[in-house]
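An overview of the molecular structure
Spelled out, the chains give:
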Amino acid sequence: MSELERLQASCLYEIANCDSLKKLDMLKSAVFGKNGKITEIMKKLRDMDGDEKRQLGAAINSLKDEIMEKLDEKFYELEMQELDKKLASEFVDVGMPSRPNCFGKIHPITKVEEEVAHIFSSYGFAFADGPDVESEYFNFTALNMPDHHPAKTMHDTFYVHKLADENGRKLLRTHTSPVQIYAMRANEPPLRCFSIGRVYRSDYDATHTPMFTQVEGVVLEKNIGFSHLKWLLSDFVKKFFEVKTVQMRFRPSFFPFTEPSAEIDINYEMRDGKIIFGVGDRWLEIAGGGAVHPNVLKYGKVDGEKYQGLAFGFGIERLASLKYGIPDLRGYFESNERWINAFGFSHATR
Ligand code: DAH
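Okay, so let's go over this structure. (Residues numbered from 1 in each chain as written. Predicted model: local features only at pLDDT ≥ 70, side-chain atom pairs only at ≥ 80, totals over all residues. Heavy atoms only, no water.)

1. Some remarks on helix 3 (residues 37-45)
Among the residues making up helix 3, those that are buried are Ile-38, Ile-41 and Leu-45. Burial along helix 3 is one-sided: seen end-on, the buried residues are contained in an arc of 75°. (Buried < 20%, exposed > 50% of the residue type's maximum accessible area, 1.4 Å probe, protein only. Helix = DSSP H or I, 4+ residues; strand = E, 2+ residues; numbered from the N terminus. Arc of directions from axis to C-beta.)

Shown next as structure tokens:
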């Protein structure tokens, strides 16, 4: 075995078996450094000439290339190993809660929103959404409330001054019903969807706040009618209030966007100052709803000859107050720590 072959074999062996970047660095200088093995052999070239010198020179060069290549590969391999080790030792679980679960409370609105969403999802309703800053067109016109319609003035609207576009003046939506129009336009019927969101009206006392939260539902199907709405809402009420039976009363009412329209009451009784649903002969209004008005179907670009629509809406705070005994509506929005400690929910109940 020539000297070069021996050097080649020993270098390749040592590189292959090297297990740290530091050792590999040392190995590199032991081969290529000032007094390195290759450097030593190169010195021999000085005393040679002719073919011998050329041959040895070429052999050394190809050995140098080979060893360099193996060194580079090994450097890369060891660097990757060290990086993996470092990443494993510094692993941060970004999905982990940053604080223990006992920190803070869940707001009753959030809790009830989640409960409502859970129930409607179980019926196959998809979530739909719309903007808080609406236009007159979607908030009123498309819901069969044209200009000068008396219902428009009943809504105590906050207008966003100086903002307007081809859909009329901008305003803070007074109800979640405009979402019906977006949902109808964006989907081919049949359709089942619900929305939950904030709405705004210029009103403030123990039973009204300028901002509150509504749930909206809309269904488009062939051959559906009031009986389906009745089943749906009574099943919802049973699930939400966790009672086995409940009586419902559909009182004839008026909403411009439904025809016929009804206000929906459920029965209850008071026991030891607590309200119990599904028993007793007192009535409490919990929702409004009806069959979607043909004009609204038109604005939603739905073929009213083929499909019928049902729609309903109710308030989240009212449901929360009834289920969890929260008295004054204003407390929901005052960010009072004592209030949230009294009425909020621990994360464990989620
Ligand atoms: N938008 C109505 C309100 O704010 C609630 C409502 C009633 C929604 C009847 C509906 C409905 O979808 O069919 O008072």
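2. Regarding the state of the cysteines
Counted according to the given criterion, the structure contains 0 disulfides. Here Cys-11 stays unpaired: no disulfide links it, and the sulfur of Cys-18, its closest cysteine neighbor, is 12 Å away. Judged by its relative accessible area of 4%, Cys-11 is buried. (Disulfide = S-S within 2.5 Å.)

3. A word on the site of the ligand
Around the ligand lies a shell of 15 residues, among which His-175, Ser-177, Arg-201, Gln-214 and Glu-216 are the nearest. One of the side-chain nitrogen or oxygen atoms of Gln-180 is found 3.0 Å away from an oxygen atom of the ligand. Considered on its own, the ligand offers 350 Å² of accessible surface; in the complex 90% of this is hidden by protein. Placement of the ligand is best described as lying within the largest pocket. Of all elements in the fold, only strand 6 (211-221), strand 10 (282-292) and strand 11 (308-315) reach the threshold of two or more residues within the shell around the ligand. Partitioned by chemical class, the residues of the shell around the ligand number 4 nonpolar, 9 polar and 2 charged. (Near = heavy atom within 4 Å. Polar contact = N/O pair within 3.5 Å; in protein donor to acceptor, adjacent residues only side chain to side chain. Areas by Shrake-Rupley, 256 points an atom, 1.4 Å probe, with all protein chains shown as cover. 1 Å grid on protein atoms, 1.4 Å probe; cavity = no way out; pocket = protein on both sides within 12 Å on 5 of 7 lines; lining within 4 Å. Sits in = over half its atoms within 2 Å of the grid points. Nonpolar A, V, L, I, M, F, W, Y, C, P; charged D, E, K, R; others polar.)

4. Focus on the nonpolar core
The nonpolar side chains of a soluble globular protein tend to be buried, and buried together. Residues Val-116, Phe-120, Phe-236 and Phe-314 are the most contacted members of the largest nonpolar core, which totals 41 residues. At 7 residues, the largest contribution of residues to this core is made by helix 9 (residues 226-241). Not counting residues up to four positions away in its chain, the partners in contact with Phe-314 are Phe-120, Thr-213, Gln-214, Val-215, Leu-233, Phe-236, Ile-286, Ala-287 and Leu-319. Counting residues in each nonpolar core, the second largest holds 23 residues, with Ala-142, Leu-191, Val-296 and Ala-311 among its members. (Core = buried A, V, L, I, M, F, W, Y, C linked by side-chain atoms within 4.5 Å. Contact = heavy atoms within 4.5 Å.)

5. Some thoughts on the layout of surface pockets
Taken as a whole, the largest pocket holds about 1200 Å³ of empty space. Sorting elements by how many residues they give to the lining of the largest pocket places strand 10 first, with 6 residues. Looking at the lining of the largest pocket residue by residue, the classes come out as 21 nonpolar, 14 polar and 8 charged. A volume near 280 Å³ is recorded for the second largest pocket. Residue lining of the second largest pocket: 13 residues in total, with Lys-274, Ile-275, Phe-277, Leu-322 and Lys-323 positioned closest to the centre. For the lining of the second largest pocket, the per-class residue count stands at 8 nonpolar, 3 polar and 2 charged. (Points joined across faces, edges and corners; volume = space filled by probe spheres on them.)

6. Regarding the sheet that holds strand 4 (residues 168-172)
Within a sheet, adjacent strands bond to each other through the backbone by hydrogen bonds, running parallel or antiparallel. Pairing in this open sheet of 3 strands is antiparallel, and the strands run 2-4-3 from one edge to the other. A strand with exactly one partner marks an edge of an open sheet, and here the two such strands are strand 2 (133-135) and strand 3 (159-165). Sheet twist, expressed as the average angle between the axes of neighbouring strands with direction ignored, equals 35°. Relative to strand 4, strand 3 runs antiparallel, the two sharing 3 bridges. Directly across from Tyr-159, in strand 4, lies its bridge partner Leu-171. (Pairing = 2+ DSSP bridges. Axes fitted to C-alpha atoms, helices over the stretch in contact; angles between N-to-C directions.)

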